[in-house]
Amino acid sequence: MKSGLHFLIAARQCEIDELDQLARTSELVGLIGRLVHALQRERGMSNVFLASRGQRFADQRDPQIAECQALEQAVRNGFDQLETEARQRASAGNSARLFSRIAWVLPGLDALPALRGRIGALELAPAQSTAAFAKLVAGLLAVVFEAADGATDPEISRLLVAMFNFMQGKEFAGQERAFGAATLALGRSNEAQRVQWLHLIESQERCFHVFTDFSSAQVLVLWRESQADATMAELERLRRVGTTTLVAAPDAQYGQLSQSWFDCCTRRIDAMRTVEDSLADELRALCNRKTAQARTDLAAYRQLLDTLAPQSGGALFFDDAGTQAVAPAPYGRLLERSVLDMVQEQSQRLQAMSDELQTVRASLNERKVVERAKGLLMAHRRLSEDEAHKMLRQTAMNQKRRLVDVAESMLAMADYLPMPDARAPR
């Protein structure tokens, strides 16, 4: 008959397996971050290229596309490795949702060559190019979100939450770069465009606020250092130009403004890349450290198992209830007590991890609320996912409310909405 120590060893081995999986997933998150950064840069170049009718960034696009293709292959390899290892483990965990996200994003990667061809042929408007890249990046960030939501260690989960929100904020900064470059290149804007620009700024600030709540002191120092005063002052100056009425001026002047804007945003986003790399390094080091500690503990448990007598470990179980063992354990009360202490310490540690994990995951609930509201709109309005998201976002902008607040209000009214007619055409 197996003792409690056998199952303590089994629990520790399961924890090591989960940490190994988290380490691999975290490595994939780092690869996705590098690919997203490259795609963001390509999107910005593509927007200026389209807005200038092929006059600008024509030579720079090809090297940037080559960089994206190399990083895309690395991410695809990471996807393949994750799937292979999941089949070998025969353990579901969070894999179902994670793999569903990967399945959704792969067709977007497959469609990239055709999108680039249409951009090169000047067949798209800047807004269409931005929307296409944004949809792909959103899919990649959804993979990062599932990695964060599925993490079982609270410390690792905190870093993944910080990384997801930082990457999401950086994506809004990338969208702002592309949007602003195209707007300034065209030399005109309307009220809807100004509202959208302000919405992108607000979305960045919200994501970076969550990032600062979950990041380490070392990363926060790097974050503050990355926000150069001169760059931020230039960014704010150009934002004021773009979000106020653009006055008619020669095309050359707006072309110069567009280039200045793109360069300023690029300096800012490239500086963010150093923070993102630091987060990835910290995540990798944390996974390695925790795995090493768990393996050390496992070795100690196994050594103790070899030392203990088969029936040892139960004599002191009821000590706290005021009972006493009739006879001492074969190897002494001190050794027996050490086993019970380890079991209790393990139980308390796992409970503390569970409590902290719930706190960390609360920060991810906003995204889940928005996803549920989108599903409600898709069912009752018979909209596509993109159309549902645009409706939520437009409502939030019109009402000057946060997206999650609009989503919560919609879900609160769900019981009062009529059931959709299955016979109604879409």
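In what follows, the structure referred to is the one given above.
Summarised in this report is the structure supplied together with it.

Rules used in this analysis
- Residues numbered from 1 in each chain as written.
- Predicted model: local features only at pLDDT ≥ 70, side-chain atom pairs only at ≥ 80, totals over all residues.
- Heavy atoms only, no water.
- Helix = DSSP H or I, 4+ residues; strand = E, 2+ residues; numbered from the N terminus.
- Buried < 20%, exposed > 50% of the residue type's maximum accessible area, 1.4 Å probe, protein only.
- Contact = heavy atoms within 4.5 Å.
- Salt bridge = Lys/Arg side-chain N within 4 Å of Asp/Glu carboxyl O.
- Axes fitted to C-alpha atoms, helices over the stretch in contact; angles between N-to-C directions.
- Nonpolar A, V, L, I, M, F, W, Y, C, P; charged D, E, K, R; others polar.
- Core = buried A, V, L, I, M, F, W, Y, C linked by side-chain atoms within 4.5 Å.
- Polar contact = N/O pair within 3.5 Å; in protein donor to acceptor, adjacent residues only side chain to side chain.
- Phe/Tyr/Trp six-rings, centres within 6.5 Å; stacked < 30°, edge-to-face > 60°.
- Lys NZ or Arg CZ within 6 Å of the ring centre and 35° of its normal.

Things to note about the environment of Ala178
- Topologically, Ala178 is positioned in helix α6 (residues 154–186).
- What makes Ala178 buried here is its relative accessible area of 0%.
- With 134 residues separating them in the primary sequence, Ala178 and Gly44 have C-alpha atoms 4.5 Å apart.
- With near-sequence residues (within four places) excluded, Ala178 lies in contact with Arg43, Gly44, Asn47 and Thr130.

As for the pattern of salt bridges
- All chains considered together, the criterion is met by 17 salt bridges.
- When the shortest N-O distance is used, the salt bridge between Arg76 and Glu72 registers 2.9 Å. Highlighted residues: Arg76 and Glu72, both in helix α2 (residues 58–89), separated by four residues, approximately one helical turn.
- Sharing partners across several salt bridges, the network here consists of Glu27, Asp281 and Arg284.

Some details on unusual backbone geometry
- Its identity as a non-glycine residue notwithstanding, Arg53 has a phi of 55°, on the positive side.
- Along the chain, Arg53 falls in the loop between α1 (4–51) and α2.
- Within the chain, Phe57 stands out as a residue other than glycine whose phi angle is a positive 65°.
- Tracing the backbone shows Phe57 in the loop between α1 and α2.

Observations regarding the packing of helix α7 (residues 191–214) against helix α9 (residues 229–243)
- The interhelical angle for the contact between α7 and α9, taken along N-to-C directions, is 150°, at an axis separation of 9 Å. For the pair α7 and α9, contact is made by Arg194, Trp197, Leu198, Ile201 and Gln204 and by Arg239, Gly242 and Thr243, respectively.
- When grouped by side-chain class, the residues that make up the contact of α7 with α9 number three nonpolar, three polar and two charged.

Description of the nonpolar core
- Core analysis: the largest hydrophobic core is formed by 67 residues, its most contacted members being Ile32, Leu39 and Phe211.
- Setting aside its immediate chain neighbours within four residues, Leu39 contacts Cys68, Leu112, Arg116, Phe133, Leu136, Val137 and Leu140.

Some details on the environment of Asn165
- Looking at where Asn165 falls in the secondary structure, it is placed in helix α6.
- Overall, the relative accessible area of 9% leaves Asn165 in the buried class.
- Between the C-alpha atoms of Asn165 and Gln204, which are 39 residues apart in sequence, the distance is 9.2 Å.
- Of note is the side chain of Asn165, whose polar atom sits 2.9 Å from the backbone oxygen of Val161.

Some thoughts on the packing of aromatic side chains
- In the structure shown here, the tally under the stated rule is nine aromatic pairs.
- Aromatic side chains Phe57 and Phe262 sit 4.8 Å apart centroid to centroid with 55° between the ring planes, which places their arrangement in the tilted category. Of this pair, Phe57 sits in the loop between α1 and α2 while Phe262 sits in helix α10 (residues 251–307), and the two are 205 residues apart along the sequence.
- Both rings, one in Phe145 and one in Phe164, keep their centres 5.4 Å apart while their planes meet at 65°; by these two values the pair is edge-to-face. One end of the pair, Phe145, is in helix α5 (residues 126–150); the other, Phe164, is in helix α6, with 19 residues separating them in the sequence.
- Ring pairing ties together the aromatic residues Phe166, Phe208, Phe211 and Trp223, which thus form one cluster.
- Just above the ring of Phe49 sits the side chain of Arg61; from NZ or CZ to the centre is 5.0 Å.

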